[in-house]
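Notes for the structure review
What follows is each chain in one-letter form.
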Amino acid sequence: MGCFFSKKSRRKSPKKDSAAGDECATGSDLPETNNTALGSNSNQEAPKLYSWDKREKVDPKDFMLTGLKNETVGRLPGKLNGQQFVIQDCENCNIYVFDHSATITIDDCVNCRIVLGPVKGSVFFRDCKEIKCVVACQQFRTRDCKKMDIFLCCATQPIIESSTGMKFGCFQYYHPELAFHFKDAGLSIFNNNWSNIHDFTPVSGETNWSLLPEDASVLEHVPLPDSESEFKSVRVSTDASRSIVPLTKGGRRKESEESCLFVFFAGDYSTANARKLIDEAISKGFVLIQTKEVSMRPEDVNRVFQNSAERLTEWITKGSVVALELNGDGVVEACRAMADDMFDGNKVFVSESKSTSSHDVDNFFNFADMQMGL
């Protein structure tokens, strides 16, 4: 479906020209040669079918939710398959979009709880208020919105415009199809700038956005699908430890001055190994600050890793790297021990000492932010 449905861009179809219809000639009015051609199909080839003739007809209503009140609605996995989607004029609804999509706009909604599956492009809220939502996307933007709580995974810097009372937390959500939807949408679970908010219209002396409490739970804001609804078959978990996106501290103040850079170089199990390390580090009392997944060139390796570059350069040819910043007293020594115990023989980089670790972290994540245009 190539068109984008929005109440702000709808156009009426032009009326048919009745005069043109009156001018259509009957069969008896056509020249004899044409009559002969039209009347004889024996020697004519069948009309050629083009790819667009074979496409399944789509109903715009399948890709819109509009004018609903006090309902539980949405889309099950497999219903959007990367199409655009529009939500507008909904009030006091629970909305669950359990599929990946191209872009989503949400207009003029009030007092709704919304879960959006991974969005390849942008999610744009306009003229909404009292919204609580879980969102994963490439770009996130609000305009003329009030009082929103957002559990967000966003690959780029989230932007608010003419919006107040905006509160942000790290994405925390799981259901069995979600990992596939992230992949289909071209999103990495490790690229999440949820706390790096840009206020396009700041007001001197006022704060238009803040971060949700660190222990904020999705269930306190967005309920699970009702057991009587069509979404009861989707096995949802809001447990932070099961979230498909790692829970990061983001822009909140670090409790320790010691951080460690831990980098997994491309391999068949980079994602699984990174998740395994995160779980082990958290169980030891350390905190995950931020994560990134980026591609690197040999010159990038030289600039970022400097003295260690020579042994690392050949590893980047296999694909992107996954980097973690872990924080806590004694984290460097602990990470080096975990690397030896858990990933012996795997291609990893770990900060060598507490004295160099902060420099490692700054070097890598400054490079990653530049790479991603942040």
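The structure displayed is predicted, hence computed values, not measured ones. (Residues numbered from 1 in each chain as written. Predicted model: local features only at pLDDT ≥ 70, side-chain atom pairs only at ≥ 80, totals over all residues. Heavy atoms only, no water.)

Topic: the overall build of the chain
Helix and strand counts for the chain come out as nine helices and 17 strands. Of all intrachain contacts in the chain linking residues separated by at least 6 positions in sequence, the fraction that spans at least 24 positions is 55%. Counting every atom, the chain has about 20,200 Å² of accessible surface; 46% of that belongs to carbon and sulfur. (Helix = DSSP H or I, 4+ residues; strand = E, 2+ residues; numbered from the N terminus. Contact = heavy atoms within 4.5 Å. Areas by Shrake-Rupley, 256 points an atom, 1.4 Å probe, with all protein chains shown as cover.)

Structural notes on helix α8 (residues 331-342)
Spanning twelve residues, α8 covers 16 Å between terminal C-alpha atoms, matching the ideal 16 Å at 1.5 Å per step. Restricting attention to buried positions, one finds in α8 the residues Val 331, Val 332, Ala 334, Cys 335, Met 338 and Ala 339. The arc enclosing the buried residues of α8, seen along the axis, measures out at 160 degrees, which places them on a common side. The exposed residues of α8 that point more than 90 degrees off its buried face are Glu 333, Asp 340 and Asp 341. Buried-residue contacts for α8 involve β14 (259-264), α5 (270-283), β16 (321-327), β17 (348-350) and α9 (354-371). (Expected span 1.5 Å × (residues − 1). Buried < 20%, exposed > 50% of the residue type's maximum accessible area, 1.4 Å probe, protein only. Arc of directions from axis to C-beta.)

Observations concerning the side chain of Ser 195
Relative to the helices and strands, Ser 195 is located in the loop between α4 (178-184) and β12 (198-199). Engagement of the side chain of Ser 195 in a polar contact is seen with the backbone nitrogen of Gly 251, the distance being 2.8 Å. Not counting residues up to four positions away in its chain, the partners in contact with Ser 195 are Trp 209, Leu 211, Gly 250 and Gly 251. (Polar contact = N/O pair within 3.5 Å; in protein donor to acceptor, adjacent residues only side chain to side chain.)

Quick look at the sheet that holds β14
In space, the four strands of this open sheet follow the order β15-β16-β14-β17, with antiparallel pairing throughout. Looking along the sheet, the strands with just one partner apiece sit at the ends: β15 (287-294) and β17. With strand direction ignored, the average angle separating the axes of adjacent strands in the sheet is 15 degrees. Pairing of β14 with β16 involves six bridges; the strand directions are antiparallel. By the bridge assignment for β16, Leu 261 is matched with Glu 325. Sheet strands touched by α5: β14, β15 and β16. Its angle to β16, the strand with the most contacts, is close to 5 degrees. (Pairing = 2+ DSSP bridges. Axes fitted to C-alpha atoms, helices over the stretch in contact; angles between N-to-C directions.)

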